[in-house]
Amino acid sequence: MSGTKPPRQEFSDSDPEDTSEELTNVVCLESDLKDGQMMEVEVGRHTVLLARSEGKYSAMGNQCTHYGAPLSKGVISGNTVRCPWHGACFNVHTGDLEEYPGMDGLPCHKVKIQNSKVYVSINKKTLRQQKRIKSMGAAVPGVDHTILLLGGGAASLICAEVLRQEYFGGRIIMVTSDELLPYDKTRLSKVMNVESDTILLRRMEFYQKYDIEVWLRKEALSVDTDKKTVTFDDSSVQSYDQLLISTGCRAKGLNVPGMKLDNVKMLETPEDARQIHAACLGCNVVLVGTSFVGMEIASYLIDKASSITVIGSSELPYQNTLGREIGRATMMMLSEKNVKFHMNDIVTEIKGVDGKVKEVVLKSGKVIPADVLIVGIGVKPNSEFLRGSKIQMDSRNFVTVDKYMRTNVPGVFCGGDLATFPLAMAKNQLVNIGHWQMAQAHGRIAALNMLDKQSELSSVPFYWTVLLGTTIRYAGYGEGYTEIVLKGKLEDKKFLAFYIKDNEVIAAAGLNYDPGVSAVAERLLTGKVITKEEAESDDLSWLQLS
């Protein structure tokens, strides 16, 4: 990876061979860009990413197809550019998506070298196109093969899309208990008054165009892997040739008296998010749980609720994931906004008046007034319908798969939050990771292996959480880390934390330190060890910091 990025260049003279269908600009001199470098250039007031890899120049859209981050501020490694915000990867020569959470490729533009000048041409018809859906097929008459996808989340959607991208011509059926087409669930705790329509990942026309059947409000009750059938809650039975199970997890409730009172809320759907938003306006809110989602909800409600009190069973938020230092900094950031914390404590009873929450009783004896109680204490797998089947589950009822996303039953795959899978970067340790990007990667690997295009899961986990308008990014798998090497200062709200185990970096978390976390993800993906010594060094050129 190159640690140098040339400054953005602007040239005004245009190509003498310019045609009316194209905008063409000289964007730089051939000598301005070395191999393994990229920069943002302008063509007719439109920003373009210009990259040079293996001696070849290429130009494509500069906005990540996920949330629009400027890719020129990301990381280039070989033929891949990685987004600085959420780690999506694109091939610099084709613009094709190579890693999620983005879903679409980038538009590509013509590059020409003439008289030591680099010319980039944009087709005027596609001028405003910021993303490109990969070429896909549809159902082919006479192909009698059904792939059934249980669950309407990221894994199922990507599996369906990759099957059609690979020109699978059989029947694809996606079945979900949700009332909505697949949507961006990561938004729910960040923008809680969200309109469902604005977070749909694809519109109905997309599914119709590519012959992807979507059955809503329908839940699987049992699977018979001998007969290759699934029975649903409306008594219907659907046969399959291959099956993907990606029914995910649901929020875990508190096992205490009063859990069924009104205004006890859990976040699972856009409707839940809107209800929480409305119920909390001007009210006393108590939030149980200090996970990423819990902290995001607390952050979101700061200027909306009358008071916010957080109950946590550990000493600090994120203690087991991001560590004590970042947990303490998070607590400080929220405390400055008058969020109160009761840590090392648990709820023993929820008391109500007229059927509504009135106060929350803690084990310590404290009693907290509450108009709304939000419970975010973790999840449990939606796997009850698999009991009695031959599909193997672990002790916590998650489904065990191999690196091809295959279960122990031939033709049956599992992905997303429900799967326990071998993580390549952690020496194939079996893990369960409820990250959006990992679920998407699972869907892709499952689809390819369904088609006998052998592909192993190699993705590096990438996660982000939003607090008070700033984003903490995280890459890797930090379980079992023994120390943290910190760059920057937590109190300055600008830092990069390296998580160390056996003198190697196994994960990183960063705030306002882009594209540091993406650079770590890229190194972890290549398998090139980041030593503790390298993390401690003052030379951070490999991070490609802006």
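Residue positions are given per chain, counted from 1 along the sequence in the order it is written. Local features in this predicted model are restricted to residues whose pLDDT is 70 or higher, and side-chain atom pairs enter the listing and the counts only when it is 80 or higher, whereas totals over whole chains, interfaces and linings include all residues. Water and hydrogen atoms play no part in the side-chain values, which are based on all heavy atoms of the structure.

**Some details on the overall build of the protein**
1) Next: Looking only at helices and strands, the protein has eight helices and 36 strands in total.
2) Next: Atoms considered for the radius of gyration are the C-alpha atoms alone. The globule rule reads 2.2 Å times the number of residues to the power 0.38. For 546 residues, the compact-globule estimate of 2.2 N^0.38 gives 24 Å, and the protein sits close to it at 25 Å.
3) Next: Summarising its shape, the C-alpha atoms of the protein cover approximately 80 × 65 × 45 Å along the three principal directions.
4) Next: When a residue's accessible area, from a 1.4 Å probe over protein chains only, is under 20% of the maximum for its type it is buried; when over 50% it is exposed; and in between it is partly exposed. Looking at the 546 residues of the protein, the share that counts as buried comes to 55%.
5) Next: Every residue pair with non-hydrogen atoms within 4.5 Å of one another is taken to be in contact. Of all intrachain contacts in the protein linking residues separated by at least 6 positions in sequence, the fraction that spans at least 24 positions is 59%.
6) Next: Residue exposure ignores everything except the shown protein chains as possible cover, and the areas themselves are Shrake-Rupley values with a 1.4 Å probe. Only carbon and sulfur atoms are counted for the fraction: they give 46% of the accessible area of the protein, which is about 23500 Å².
7) Next: Counting rule for charge: Lys and Arg are taken as positive, Asp and Glu as negative, and neither His nor the chain ends is counted. Here the site of a charge means atom NZ of a Lys, CZ of an Arg, CG of an Asp or CD of a Glu. Seen as two clouds, the 62 positive and the 67 negative side-chain charges of the protein have centres 1 Å apart. Only DSSP runs of H or I with at least four residues qualify as helices, and only runs of E with at least two residues qualify as strands; both kinds are numbered from the N terminus onward.

**Things to note about the sheet that holds strand S21 (residues 307-311)**
1) Next: The pairing criterion for strands is at least two bridges between them, as found by DSSP. An order of S19-S26-S20-S21-S22 is seen for the five strands of this open sheet, with the pairing classed as parallel. Lying at the two open borders of the sheet, with one neighbouring strand each, are strand S19 (264-265) and strand S22 (339-342).
2) Next: Lying on the sheet, helix H3 (residues 270-280) is in contact with S19, strand S20 (284-288) and strand S26 (372-375); it crosses S26 at an angle near 145°. All axes are obtained by fitting lines to C-alpha atoms, using only the stretch in contact for helices, and the reported angles, taken between N-to-C directions, cover 0 to 180 degrees.

**Looking at the sheet that holds strand S28 (residues 399-400)**
1) Next: Strand order in the open sheet formed by three strands is S28-S30-S31, and the pairing between neighbours is mixed. The two strands at the open ends of the sheet, each matched to only one other strand, are S28 and strand S31 (429-431).
2) Next: One ladder, built from three bridges, connects strand S30 (residues 419-423) with S31; its direction is antiparallel. Looking at S31, one finds that proline 422 is bridged to leucine 430.

**Focus: the packing of aromatic side chains**
1) Next: Here a Phe, Tyr or Trp ring, Trp counted by its six-membered ring, pairs with any other such ring whose centre lies within 6.5 Å, and the pair is stacked when the planes are under 30 degrees apart, edge-to-face when over 60, and tilted otherwise. The full count for this structure, using the stated rule, is seven aromatic pairs.
2) Next: Seen from their ring centres, tryptophan 215 and phenylalanine 232 are 6.3 Å apart, and the 75° between their planes marks the pair as edge-to-face. You can see tryptophan 215 sitting in strand S13 (residues 212-215) and its partner phenylalanine 232 sitting in strand S15 (residues 229-232), a full 17 residues away along the chain.
3) Next: Taking relative accessible area as the criterion, phenylalanine 232 reaches 1% and is therefore assigned buried.
4) Next: Grouped by ring-pair contacts, the aromatic residues Phe206, Tyr207 and Tyr210 constitute a single cluster.
5) Next: If you follow arginine 187 out to its NZ or CZ, it ends over the ring of tyrosine 67, 5.7 Å from the centre. For a ring to carry a charge above it, either NZ of a lysine or CZ of an arginine must fall within 6 Å of the ring centroid while also lying within 35 degrees of the normal to the ring plane.

**Considerations on the UniProt feature "domain: Rieske" (unreviewed entry) in the protein**
1) Next: UniProt positions are given in the numbering used here, feature names are shortened, and annotations may be inferred rather than shown by experiment. The feature "domain: Rieske" (unreviewed entry), as given by UniProt, occupies residues 25-120 in the numbering adopted here.
2) Next: Taken end to end, residues 25-120 comprises 0% helix and 51% strand; its first and last C-alpha atoms sit 6 Å apart.

**Some thoughts on the nonpolar core**
1) Next: Among buried residues, those of type Ala, Val, Leu, Ile, Met, Phe, Trp, Tyr and Cys that are joined through side-chain atoms within 4.5 Å constitute a nonpolar core. In terms of nonpolar packing, the biggest core is built from 132 residues, with Leu150, Ile245, Ile326 and Phe498 touching the most fellow members.
2) Next: When neighbours within four sequence positions are excluded, leucine 150 is seen to be in contact with Ser156, Val175, Ala220, Val223, Val230, Phe232, Leu243, Leu244, Ile245, Ser246, Thr247 and Phe385.
3) Next: Met259, Val347, Ile350 and Leu373 belong to the second largest nonpolar core, which has 17 residues in total.

**Describing the packing of helix H1 (residues 154-165) against helix H6 (residues 436-450)**
How two helices pack is summed up by the angle between their axes together with the distance between the axes.
1) Next: Where H1 contacts H6, the two axes come as close as 7 Å, and the packing angle between them is 40°. Helix-helix and strand crossings are classified by hand; for H1 and H6 the assignment is right-handed. Judged by residue contacts, Ala154, Ala155, Ile158, Cys159, Val162 and Leu163 of H1 engage Trp436, Ala439, Gln440, Gly443, Arg444, Ala447, Leu448 and Met450 from H6.
2) Next: In terms of residue class, the contact of H1 with H6 is built from eleven nonpolar, two polar and one charged. In this scheme, a crossing is called left-handed if the near helix is turned counterclockwise away from the far one by less than a right angle; it is called right-handed if the turn is clockwise. Ten residues, namely Ala, Val, Leu, Ile, Met, Phe, Trp, Tyr, Cys and Pro, are considered nonpolar, four, namely Asp, Glu, Lys and Arg, are considered charged, and the remaining ones, Gly among them, are considered polar.

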